Number of protein chains: 4
Amino acid sequence: MKTLSIGLIGTGYMGKCHALAWNAVASVFGDVPRPRLVMLAEASQELAERKAQELGFERATGDWRALVNDPGIDVVSITTPNAFHPDMAIAALEAGKHVWCEKPMATRLADAERMLAAARASGKVAALGYNYIQNPVMRLIRRILDEGQIGRVNHVRLEMDEDFMANADDLFYWKSEASSGHGALDDFGVHPLSLLWVLLGGVRRVCGHMAKPYAERPVQGGGRRAVETYDIATVLMELESGASGVLALNRSAWGRKGRIFVQIFGSNGTIVYDQERMNEVQLYTADGAKEAQGFRTILTGPQHPPYDKFIPAPGHGLGFNDLKIIECRELMRRIAGEKAHLIDFEDGIRIERTIDAMARSAHEGRWVEV
Amino acid sequence: MKTLSIGLIGTGYMGKCHALAWNAVASVFGDVPRPRLVMLAEASQELAERKAQELGFERATGDWRALVNDPGIDVVSITTPNAFHPDMAIAALEAGKHVWCEKPMATRLADAERMLAAARASGKVAALGYNYIQNPVMRLIRRILDEGQIGRVNHVRLEMDEDFMANADDLFYWKSEASSGHGALDDFGVHPLSLLWVLLGGVRRVCGHMAKPYAERPVQGGGRRAVETYDIATVLMELESGASGVLALNRSAWGRKGRIFVQIFGSNGTIVYDQERMNEVQLYTADGAKEAQGFRTILTGPQHPPYDKFIPAPGHGLGFNDLKIIECRELMRRIAGEKAHLIDFEDGIRIERTIDAMARSAHEGRWVEV
Amino acid sequence: MKTLSIGLIGTGYMGKCHALAWNAVASVFGDVPRPRLVMLAEASQELAERKAQELGFERATGDWRALVNDPGIDVVSITTPNAFHPDMAIAALEAGKHVWCEKPMATRLADAERMLAAARASGKVAALGYNYIQNPVMRLIRRILDEGQIGRVNHVRLEMDEDFMANADDLFYWKSEASSGHGALDDFGVHPLSLLWVLLGGVRRVCGHMAKPYAERPVQGGGRRAVETYDIATVLMELESGASGVLALNRSAWGRKGRIFVQIFGSNGTIVYDQERMNEVQLYTADGAKEAQGFRTILTGPQHPPYDKFIPAPGHGLGFNDLKIIECRELMRRIAGEKAHLIDFEDGIRIERTIDAMARSAHEGRWVEV
Amino acid sequence: MKTLSIGLIGTGYMGKCHALAWNAVASVFGDVPRPRLVMLAEASQELAERKAQELGFERATGDWRALVNDPGIDVVSITTPNAFHPDMAIAALEAGKHVWCEKPMATRLADAERMLAAARASGKVAALGYNYIQNPVMRLIRRILDEGQIGRVNHVRLEMDEDFMANADDLFYWKSEASSGHGALDDFGVHPLSLLWVLLGGVRRVCGHMAKPYAERPVQGGGRRAVETYDIATVLMELESGASGVLALNRSAWGRKGRIFVQIFGSNGTIVYDQERMNEVQLYTADGAKEAQGFRTILTGPQHPPYDKFIPAPGHGLGFNDLKIIECRELMRRIAGEKAHLIDFEDGIRIERTIDAMARSAHEGRWVEV
């Protein structure tokens, strides 16, 4: 595998997370060459330089176009706000770079479709940052499903809840503006749908509903402004597999911090997962003596790869940032032409289209085909 | 309070549960006169006599009409299969008896409406056996809501799951016949809806979906028969209060035994309840130092009446059958003209109409007003 | 089985619990004759009469000696404070009655030994009210152990914690007087030791320690008084089986309400039980694929007898009072000469001697043989 | 703060963990200069070179003495088996290097005392790798204690359990040899004692017990060999603060993977922590309305520093390896002369002496002063 030269655009939450992953991936896995952290782009040259120093990049620029066009760069990490993804990703792909873009692809479906077209035209790897699918727990669930341990899946429930919009007294900010999207549906929905996609495949039909817990919010300096987005969304689903499903999202759910709750019901068992306890999964199978059946709490350990690359002892716990390191290696493998577990633009557009159908369904008050 | 004379029809699961409650209510509460267990009706005289002996009733009959017309009886407990409820309840009410009828009221909405008319005409107490609402936890939740501890409720999620229909190899029996009802929707739905009713009030609009995990089942003696009911149901709801909601039901949910999972989200906090751990409730309020906020697991105790009437020490646990004893005393209080916490036919019809709207919605694939 | 005539002494917490059990046992089990509730004794004739009315007893007396000597009584339930147990139990046994006495046997070991002698001399059934052992969960654990599912047990940990002595501002009352016993050790210790006895057998050597969280307590009317008992106790144990063990008790443990936490470690698995969730048990066995091993949460149901006699559906939950009903039937079976699961005076003295050894060990600061 | 040049000895479990921390610390915290990873020592030159490449070190050596004496190195990470710690740490300190040595200090107390003497003589920072104390949860607990939220602590229980020695059929290896130490006591005991030390201070008196679940183990090639170490240990403690305590350790505890269970009881509340769910802590305080009291599950988030340096969103979860990154920064701060949260050789010797007293107590069957 050849040494990759990396460019990073953006140094917020996810920018730092990418930088940590690029820094750590070789040490953790030992089977990929240590990437060169070549260039970092931020809104200003000054900020870029400070962050490059902090995050271990060689050069800095205040102009992201300089980065995507730099001949010394192989891969571009795009971690800016979603509205910037299309221009940056398309430019990078057109410049012949591989792209690692944070999810969701874009704020409008049409933009996402343009990104996909650019990816196809470029022949480069265009990956999305769906890190939750990288949890060793998800590989275990996938294996449990593939081996038929819970039989044929007939029903699934997905929930995602956090409370960063729960305080009615918080000031109006851009997440309550219609230009930011629908609300919980696109802000949150992509996460559980990414899990659904890798575990159970696509969605056929949906019927959605959206609600506003707070009709208006205070504005800095006084007065109140009408909230334009929906912090709560619920959706009925029919999957392509024939299973029925339900999705419930709430970004004003007091007490929930990073909950993604997944319940998968099959003809021989049930799987339950909670992202807030990301190192565990619950499994029930209708096997063995009836008197001793129950949900098993499986703690991840070295028997659940690639946990073993981080810690040789079981039950010690991976963290959220570790998932991005796993994703980083999958990306490197994909770039090297190997089989890799990733959501690329081809898969990603499926998720975006599903979200779009849900939103239309909610607005029109009827079932919609994806 | 005058001593009540009791007649019991049916000695299955709920019949025994009623008998235990009538036997225990005076000893537990100490503030109601010990009821006289006068007559028990079963399908045959012989069975009735054996059960009367077992359950402590003075007399026995193989003819339920004899019981409802017996002048020595004040209250009739009706615990037979749902299809028998209308005839028995109406006859008992017409004979001037108070009625304690197991839920749901009937298998068809029209019958339930007739039962309500009979109750109104009689002027007698006509109560339904919605025992889950009697859990001291529910009174605590109600109090938390009334005191505004979690603020204004804006979203609710209800789930009910058991696994008695989960085994695909189980023989076809009457629960898979269309004549038994819709499936999970009416079989299960009344339970979470009873909690919803007493905690948050009525439902305005619904959009439902129903699914069959198994298209057919084996028949005794060989062959297979098409399943006519839906073991899975999911419903989007708009409550009269304006809150949004979702209901998910699955009677083929491997591993779930008596799960009724309730999540109530408000503008200042969240309540979570799981019937499988019926002596606990989770409460999160956005109060106090942020660094120490979290879901509190409240264990019931004597500070949650009427737990104290059963056990003076906290955390020792009530059981499912205890809820019926509480319900029994509420009924006695209602009969004595006191304020009581009960779902009577007036409330019950609201639940039945809601279920009916959900079923219509599922069949028609559209939103329906309740 | 002949119909038994019952006398009850005491109507506090446990007196009511006995009365409820005698009232319900025939209805629940259907295989024992309905007992006659003949006579109730309380401190005064007036109180006795009121309570007899409430609890369904035919006659009442203010003199417990009249009750134990009444020729119409077969079984005497003794539920008075522990200090009264010896006189009452011995008198009842000498009068030829069967005795059902609440635990512990006595406040002094010498008294317990006298009670055992009286039981032996009488030839009557002398049972103790160790209700926790009657939980269907305990029968399941016993079966798991007998079947070798967790292999040979090599280590056990027992904890019992409640918080009724946790408030340092509560007034001094008799539980802080030396005359009441050692403190947590005898007040609590008998419960986990009763579980240990039926699950794993006797204790060979102990090394104990006792501590006072509060050196003194306020006295009614002003001033403070030195606390004479120990609300905290910890003990190292060697079991007769060779397993090592530890016991930790705290009746000033804020937040714990009825916790009895049991961890049993064996050569092939582990069992974990928490009395605050008395309808569950956790089981881990080192069987099957390593990647899917985990603690199973088993919910009790009809497959765990005699749960089925209370409720035919699994996961619906027994309550604390139900355990006494099970115990009552075991007593009736023992009286009828059948095999029964009970701790009688012969077993009970083993528990008392173990507690006594623990207390001596704590006072002397060294290991003591039981 | 000056840039530090790092030497790493050992590349096993903890060696990799140190390397990851040195790689990540500047990116995560942004307030310390990026360390130079200068030299790596392993058992052979060849292995050292391969690992240096993998872990990002500039140079490699097969001779650890060359590393500790290299003038270009400021800090030496020592992550070799415990028996090597004394020679390496003393040599590094004598060569004027700061030392970051994995716990425990040594396999014999006398060696640990020599290490302390060397540290004192050198005037350099001599830190131990007690990473569990770096969990933001521990800072929160410490703050809760300092603020008196649970009042005066009067009782503590510590448990540590894993199952890597649980399989009786596993071959005899060095952990069963007496030369490796006592067994669970020193192998595990240092971890909970490190938490005890930073949260509640020192231990005054102990009374220990040790047990062997398996008397012998199979030997490669046939036959069996007597086990010389004790996989189970239990200890009664009196803390210097006056609180009573108990410690229970089991490295043959099936199903436990990384459990460190801590229960701290105070005069106004209780704290419960489980390392297998390292992003949570349970807190009960006897405050507010009694009916709403319960254990609160607090999920860590940015309000619990330095969680915020890793992830700005709460409830997303740190991992085991992240704790070492926090520790690394504390070390860098200490080297820079700033106040830091670390267990150095001065504190570490207290833990070693406590373990030693526990072992003596167990062998002599009596209480021992620390």
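Anything mentioned here points back to the structure above.
Here we summarise the structure given alongside this text.

Parameters at a glance
All residue numbers refer to positions counted from 1 along the written sequence of the respective chain. Chains and ligands are labelled by the order in which they are written, letters from A for the one and numbers from 1 for the other. In view of the model being predicted, local features appear only for residues whose pLDDT reaches at least 70, and side-chain atom pairs are presented and counted only at 80 or more, with totals across whole chains, interfaces and linings using the full set of residues. To obtain the side-chain values, all non-hydrogen atoms of the structure were included, while hydrogens and water were left out. Any two strands between which DSSP finds at least two bridges are classified as paired. Secondary structure follows DSSP: runs of H or I at least 4 residues long count as helices, runs of E at least 2 residues long count as strands, and numbering of each begins at the N terminus. Think of a salt bridge as a Lys or Arg side-chain nitrogen and an Asp or Glu carboxyl oxygen that are within 4 Å of each other. Relative accessible area decides the class of each residue, using a 1.4 Å probe on protein chains only: under 20% of the type maximum gives buried, over 50% gives exposed, and in between gives partly exposed. When the copies are overlaid, the least-squares fit takes in C-alpha atoms only where the residue has pLDDT of at least 70 in both copies. Residues count as neighbours in contact if any of their non-hydrogen atoms are within 4.5 Å of one another. Working definition of a nonpolar core: buried Ala, Val, Leu, Ile, Met, Phe, Trp, Tyr and Cys residues. They are joined through side-chain atoms within 4.5 Å. Here an axis means a line fitted to C-alpha atoms, over the contact stretch when the element is a helix, while the angle between two N-to-C directions is reported on a 0 to 180 degree scale. Here the quantity called buried area is the accessible surface, traced with a 1.4 Å probe, that two parts lose on coming together, added over both. What counts as a ring pair is set by centres within 6.5 Å for rings of Phe, Tyr and Trp (its six-membered ring), and what kind of pair is set by the plane angle: stacked under 30 degrees, edge-to-face over 60, tilted for all other angles. Two conditions define a charge located above a ring, namely a distance within 6 Å from the ring centre to NZ of Lys or CZ of Arg, and an angle within 35 degrees of the ring normal. Throughout this entry, Asp, Glu, Lys and Arg are counted as charged residues, while Ala, Val, Leu, Ile, Met, Phe, Trp, Tyr, Cys and Pro are counted as nonpolar. The remaining residues, Gly among them, count as polar. Here, a disulfide means two cysteine sulfur atoms that sit within 2.5 Å of each other.

Time to look at the sheet that holds strand β6 (residues 126–128) of chain D. All names here are of chain D. Ordered by their spatial adjacency, 7 strands build an open sheet running β3-β2-β1-β4-β5-β6-β17, and the pairing between neighbours is mixed. If you trace the sheet from one side to the other, it starts and ends with β3 (59–61) and β17 (343–344), each paired once. As paired elements, strand β2 (residues 36–41) and β3 share 3 bridges and run parallel to each other. Bridging from a neighbouring strand, L40 pairs with A60 of β3.

All names here are of chain A. Summed over all chains, the structure comprises 142 salt bridges over all chains. We note a salt bridge from D231 to R251, for which the minimum N-O separation is 2.8 Å. Residue D231 is found in the loop between β10 (224–226) and β11 (232–239), and its partner R251 is found in the loop between β12 (244–250) and β13 (259–266); the two are separated by 20 residues along the sequence. Residues D231 and R251 agree in their burial class; the two are buried.

Turning our eyes to something else, we now look at the environment of L37 of chain D. With respect to the secondary-structure elements, L37 of chain D resides in strand β2. It is 34 Å that separates the C-alpha atoms of L37 of chain D and I141 of chain D, two residues lying 104 residues apart in sequence.

Moving on to the relation of the copies chain B and chain A. Laying chain B over chain A is done by rotating through 180° and shifting 0.0 Å along the axis; what remains is an RMSD of 0.0 Å. In symmetry terms, the pair is related by a two-fold rotation axis. Proximity to the rotation axis, assessed at the C-alpha, singles out R366 of chain B in chain B; its C-alpha lies 3.0 Å from the axis. Comparing interface residues between copies, 100% of those in chain B also lie at the interface in chain A; the contact surface is shared.

Rotating chain C by 180° and translating it 0.0 Å along the rotation axis places it on chain D, where the RMSD comes to 0.0 Å. When the interface residues of chain C are mapped onto chain D, 100% of them again lie at the interface, so the same face is used by both copies.

M237, I264 and F345 of chain B together with M237, I264 and F345 of chain C are the most contacted members of the largest nonpolar core, which totals 240 residues. Of all hydrophobic cores here, the second largest spans 239 residues; its members include L93 of chain A together with V76, L93 and L200 of chain D.

On to the sheet that holds strand β3 (residues 59–61) of chain B, then. Residues and elements named next belong to chain B. Taking strand neighbours across the sheet as the criterion, the 7 strands line up as β3-β2-β1-β4-β5-β6-β17 in an open arrangement whose pairing is mixed. Whereas interior strands pair on both sides, the edge strands pair on one side only; in this sheet they are β3 and β17 (343–344). Two elements, strand β5 (residues 98–101) and strand β6 (residues 126–128), share 3 bridges in a ladder whose sense is parallel. The residue bridging W100 from the neighbouring strand is A127, located in β6. Along the sheet, helix α9 (residues 320–335) contacts β4 (75–78), β5, β6 and β17; its crossing angle with β5, the most-contacted strand, is approximately 160°.

Between chain B and chain A, the residue contacts involve 44 residues of the former and 44 residues of the latter. In this assembly, chain B packs against chain A so that about 3,300 Å² is buried in total across both faces, 56% of it on carbon and sulfur atoms. Here chain B and chain A share 4 salt bridges between them. A salt bridge links D161 of chain A to R157 of chain B, with the nearest nitrogen and oxygen atoms 2.7 Å apart.

Take the packing of aromatic side chains next. As enumerated under the stated definition, the model contains 32 aromatic pairs over all chains in all. Relative to W254 of chain B, the ring of Y284 of chain A has its centre 6.4 Å away and its plane inclined at 20°; by these criteria the two rings are stacked. Separated into two different chains, Y284 of chain A in strand β15 (residues 280–285) and W254 of chain B in the loop between β12 (244–250) and β13 (259–266) make up a pair that spans both. Side by side, Y284 of chain A and W254 of chain B carry an identical accessibility label, which is buried. Centre to centre, the rings of Y284 of chain D and F295 of chain D are 5.3 Å apart; their planes meet at 50°, and the pair counts as tilted. Separated by 11 residues along the polypeptide, Y284 of chain D in strand β15 (residues 280–285) and F295 of chain D in strand β16 (residues 295–299) bring together distant segments of the chain. Residues Y284 of chain D and F295 of chain D agree in their burial class; the two are buried. Chaining the aromatic ring pairs together yields one cluster made of Y13, Y132 and F320 of chain A. Between R259 of chain B and the ring centre of F261 of chain B, over which it is positioned, the NZ or CZ distance is 4.1 Å.

Attention shifts here to the interface of chain C and chain D. Taken together, the contact between chain C and chain D spans 44 residues of the former and 44 residues of the latter. Summing the contributions of chain C and of chain D, the shared interface buries around 3,300 Å²; its carbon and sulfur component is 56%. The interface formed by chain C and chain D includes 4 salt bridges. Its residues assigned to classes, the side of chain C that touches chain D comprises 20 nonpolar, 15 polar and 9 charged.

To continue, consider the environment of G12 of chain C. Tracing the chain through its elements places G12 of chain C in the loop between β1 (5–9) and α1 (13–29). Considered as a pair, G12 of chain C and L323 of chain C are 311 residues apart in the sequence and their alpha carbons are 17 Å apart.

All right, on to the state of the cysteines then. What we call a disulfide is simply a covalent bond connecting the sulfur atoms of a pair of cysteines. This structure, assessed with the given rule, holds 0 disulfides over all chains. As a non-bridged cysteine, C17 of chain B has C328 of chain B as the owner of its nearest cysteine sulfur, 10 Å distant. With a relative accessible area of 2%, C17 of chain B lands in the buried category. The cysteine C101 of chain D is free of any disulfide, with C17 of chain D supplying the nearest cysteine sulfur at 14 Å.

Bear in mind that shape data such as this cannot, by itself, settle questions of function.
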